[in-house]
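Chain by chain, the residues run as shown.
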Amino acid sequence: MLLAQSMGGLTSLRSIEDGRTPHIVAWAGIFPVTNLAEAARNPRFGNTVQEAYGGDRPSSADPLARPELLRTVPMLAWASPMDTLVAKSENADLLRSRVDQAGGSVTVMSTVGDHGDSSNFQADRLLAFFDGAVPP
């Protein structure tokens, strides 16, 4: 099981798609960055993303470029439409849309407040999701 927060969304999704961790049974993201292309355009950390991923064309490293590779892992994310750092519509909602179209399942829990708001931290819901992802 993987739990990602903010920018950790990208690396955790990449580890699912490239098979480095073949026994992943669930993924959960707390206000996760899931869209590398959108992150590269973000004025607050775009330069860092572009440097890390080699210029202004990070699409080959973007987990949303190949959502079919993510469809076998159930996913749950918390995101707020009020988040000014990680846009819900361009990250958690887009992940849900693309993975759902590829035949997978992503549940997005809508929260409130800006990036880091405490409404995103729901331990009971997270544990229930992870408990349900583990085969009996």
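Bear in mind that the values here come from a model prediction, so they are computed numbers and not experimental data.

(A) Inspection of the sheet that holds strand 1 (residues 2–5) at higher detail. One open sheet accounts for 4 strands, arranged 1-2-3-4; its pairing is parallel. In this open sheet, the two edge strands, each paired with only one partner strand, are strand 1 and strand 4 (106–110). Ignoring strand direction, the axes of neighbouring strands in this sheet form an average angle of 15 degrees. The sheet contact formed by strand 2 (residues 27–30) and strand 3 (residues 75–79) spans 4 bridges and is parallel. Looking across to strand 3, one finds that Trp27 is bridged to Met75. Here helix 1 (residues 8–17) sits on the sheet and contacts strand 1, strand 2 and strand 3; the angle it forms with strand 1, its principal contact strand, is near 150 degrees.

(B) Highlighting the packing of aromatic side chains. Under the counting rule described, the total for this entry stands at 2 aromatic pairs. With a centroid separation of 5.8 Å and an interplanar angle of 85 degrees, the aromatic rings of Phe31 and Phe121 are classed as edge-to-face. One end of the pair, Phe31, is in the loop between strand 2 and helix 2 (36–41); the other, Phe121, is in the loop between strand 4 and helix 5 (123–133), and 90 residues separate them in sequence. Residue Phe31 is classed as buried on the basis of its relative accessible area, which comes to 4%. By relative accessible area, which is 41% here, Phe121 ends up partly exposed. For the ring pair Phe129 and Phe130, a centre distance of 5.8 Å and an interplane angle of 35 degrees mean the geometry is tilted. Judged by relative accessible area, which is 14%, Phe129 ranks as buried.

(C) Here's a closer look at the pairing of strand 4. Of the pairings in the sheet, the one linking strand 3 to strand 4 comprises 5 bridges and is parallel in character. The residue of strand 4 that forms the bridge with Met75 is Val106.

(D) Focus on helix 1. Judged by how many residues are buried, helix 1 sits mostly within the fold: 7 of 10 residues are covered. Turning to helix 1, its buried residues number three or more, namely Gly9, Leu10, Ser12, Leu13, Ser15, Ile16 and Glu17.

(E) Main features of unusual backbone geometry. Here the phi dihedral of Ser6 falls at roughly 55 degrees; this positive angle occurs in a residue that is not glycine. With respect to the helices and strands, the residue Ser6 is situated in the loop between strand 1 and helix 1. Using a relative accessible area of 17% as the deciding quantity, one classes Ser6 as buried. Unlike most non-glycine residues, Phe31 shows phi in positive territory, near 35 degrees.

(F) Examining the nonpolar core more closely. Core analysis: the biggest nonpolar cluster contains 17 residues, and Leu13, Ile16, Trp27, Leu70, Met75, Leu95 and Val106 have the highest contact counts within it. Here this core takes 4 residues from helix 4 (residues 92–101), the largest share from any one element. Residues contacting Leu95, with those up to four places away along its chain left out, are Leu13, Trp27, Thr34, Leu64, Leu70, Met75 and Val106.

(G) The pattern of salt bridges, seen in detail. Inspection of every chain in the model, using the stated rule, returns 3 salt bridges. In this structure, the salt-bridge partner of Asp93 is Lys88, at a minimum N-O distance of 3.0 Å. Residue class for Lys88 comes out buried when judged on its relative accessible area of 13%. When the shortest N-O distance is used, the salt bridge between Arg96 and Asp93 registers 3.1 Å. You can see Arg96 and its partner Asp93 sitting in helix 4, 3 residues apart, about one turn around the helix. Owing to a relative accessible area of 28%, Arg96 belongs among the partly exposed residues under this scheme. Connected through shared salt-bridge partners, Lys88, Asp93 and Arg96 make up one network.

Definitions and limits used
- Residues numbered from 1 in each chain as written.
- Predicted model: local features only at pLDDT ≥ 70, side-chain atom pairs only at ≥ 80, totals over all residues.
- Heavy atoms only, no water.
- Pairing = 2+ DSSP bridges.
- Helix = DSSP H or I, 4+ residues; strand = E, 2+ residues; numbered from the N terminus.
- Axes fitted to C-alpha atoms, helices over the stretch in contact; angles between N-to-C directions.
- Contact = heavy atoms within 4.5 Å.
- Phe/Tyr/Trp six-rings, centres within 6.5 Å; stacked < 30°, edge-to-face > 60°.
- Buried < 20%, exposed > 50% of the residue type's maximum accessible area, 1.4 Å probe, protein only.
- Core = buried A, V, L, I, M, F, W, Y, C linked by side-chain atoms within 4.5 Å.
- Salt bridge = Lys/Arg side-chain N within 4 Å of Asp/Glu carboxyl O.

Take it as geometry only, folks, not as evidence of what the structure does.
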